[in-house]
Amino acid sequence: MIELDNRTTLNIDTKTIETIADSLTDKEIELIITDSKEMREINKEHRNIDKDTDVLSFPYQEMPLSPLGSIVVSSSYLEENSKEFGHSINDELALLFIHGVLHLLGYDHEIDNGEMRAKEAELIEKFDLPKSLIVRTQG
C-alpha cells in the first residue's frame, strides 16, 4: 500500500506504483512528492549534498508491522524527465518509484555488481514502462 503525500499540484495516479509495490512487498510505503527546494533541503540534511535530486529512499527499521520506508521524489525531475523522454509524469514516477523501492529493499547500485540495474530492467519490462531509466543509468 502506498501512502501518498503529494505536496505539489501535479495530478498523480498511484495505480501503477501500487501494482509495482504489491509485487515486491506487503509493507506500506510512504511516497512524498515535493518541489526542488524541499528536495534540496532533504538531500543536504541527510546526505550532505547541497543540490536537488530525483529520488531519495529512507528505509525504516525492521519491526513487526512497520512500513518499509519512505520515498521522496522531486516534482521538477518528474516534469523535466517526462518531457525530455516523451512519456507521462505517472510513467516517470513509476520509474523513479522502482529505483526508490529497490533501495528500500536493500539494493545499492553504487556497490553491487549490476544486480539493482538488472532488477530495474526486469521490473520496467514486466510493467511495460518506458525504457528511459535503463538508458539513463547504463555505464
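Residues numbered from 1 in each chain as written. Predicted model: local features only at pLDDT ≥ 70, side-chain atom pairs only at ≥ 80, totals over all residues. Heavy atoms only, no water.

Caption draft 1: Representation of the sheet that holds strand 2 (residues 29-34) within the structure. Reading across from one edge, 1-2-4-3 is the order of the 4 strands in this open sheet, with mixed pairing throughout. Either end of the sheet is taken by a strand with one partner, and the two such strands are strand 1 (2-6) and strand 3 (55-59). Strand-to-strand twist of the sheet, defined as the mean angle between neighbouring strand axes without regard to direction, takes the value 15°. Summarising the sheet, strand 2 and strand 4 (residues 69-74) pair through 6 bridges and their orientation is parallel. The partner of Ile32 across the bridge, within strand 4, is Val72. Sheet strands in contact with helix 2 (residues 36-47) are strand 2, strand 3 and strand 4, and its direction is about 50° off that of strand 3. Sitting on the sheet, helix 3 (residues 75-85) touches strand 2 and strand 4, and the angle it makes with strand 4 is about 55°. (Pairing = 2+ DSSP bridges. Helix = DSSP H or I, 4+ residues; strand = E, 2+ residues; numbered from the N terminus. Axes fitted to C-alpha atoms, helices over the stretch in contact; angles between N-to-C directions. Contact = heavy atoms within 4.5 Å.)

Caption draft 2: Region of the structure containing the pattern of salt bridges. Scanning the entire structure with this criterion turns up 7 salt bridges. Between Glu38 and Arg7 there is a salt bridge, and its shortest N-O distance comes to 2.5 Å. With a gap of 31 residues between them, Glu38 in helix 2 and Arg7 in the loop between strand 1 and helix 1 (15-24) connect regions that are remote in the sequence. Residue Arg7 is classed as partly exposed on the basis of its relative accessible area of 41%. (Salt bridge = Lys/Arg side-chain N within 4 Å of Asp/Glu carboxyl O. Buried < 20%, exposed > 50% of the residue type's maximum accessible area, 1.4 Å probe, protein only.)

Caption draft 3: Spatial organisation of the environment of Ile42. Looking at the element boundaries, Ile42 is found in helix 2. With a relative accessible area of 16%, Ile42 lands in the buried category. Between the alpha carbons of Ile42 and Arg7 there is a distance of 14 Å; along the sequence they are 35 residues apart. Not counting residues up to four positions away in its chain, the partners in contact with Ile42 are Arg47, Leu56, Phe58 and Val72.

Caption draft 4: Structural context of the packing of helix 3 against helix 4 (residues 89-104). Running from amino to carboxyl end, helix 3 crosses helix 4 at an angle of 115°, the nearest separation of the two axes being 8 Å. It follows that helix 3 is roughly perpendicular to helix 4 by the angle criterion. Remark: the crossing between helix 3 and helix 4 carries right-handed chirality. Side by side, helix 3 and helix 4 meet where Tyr77, Leu78, Glu79, Asn81 and Ser82 of the first sit next to Ile89, Glu92, Leu93 and Leu96 of the second. Here the contact of helix 3 with helix 4 is composed, by residue class, of 5 nonpolar, 2 polar and 2 charged. (Parallel < 35°, antiparallel > 145°, perpendicular 65-115°, else oblique. Left-handed = near helix turned anticlockwise from the far one by under 90°. Nonpolar A, V, L, I, M, F, W, Y, C, P; charged D, E, K, R; others polar.)

Caption draft 5: Inspection of the confidence of the model for the protein chain at higher detail. Mean pLDDT over the protein chain works out to 90, with 95% of the residues at or above the 70 mark. Confidence, read as mean pLDDT per element, is least for helix 6 (residues 132-137) in the protein chain (61) and greatest for strand 2 (97). (pLDDT = per-residue confidence, 0-100.)

Caption draft 6: Examining the nonpolar core more closely. Within the largest apolar cluster, 28 residues are counted, with the highest numbers of intra-cluster contacts made by Ile29, Leu31, Ile71, Val73 and Phe97. Elements represented by at least two residues in this core include exactly helix 1, strand 2, strand 4, helix 4 and helix 5 (115-126). When residues of this core are assigned to their parent elements, the largest contribution, 9 residues, is made by helix 4. In contact with Val73, not counting residues within four places along its chain, are Leu31, Ile32, Ile33, Thr34, Met39, Asp54, Val55, Leu78, Leu93 and Leu96. Counting residues in hydrophobic clusters, the runner-up holds 5 residues, among them Ile32, Met39, Leu56 and Val72. (Core = buried A, V, L, I, M, F, W, Y, C linked by side-chain atoms within 4.5 Å.)

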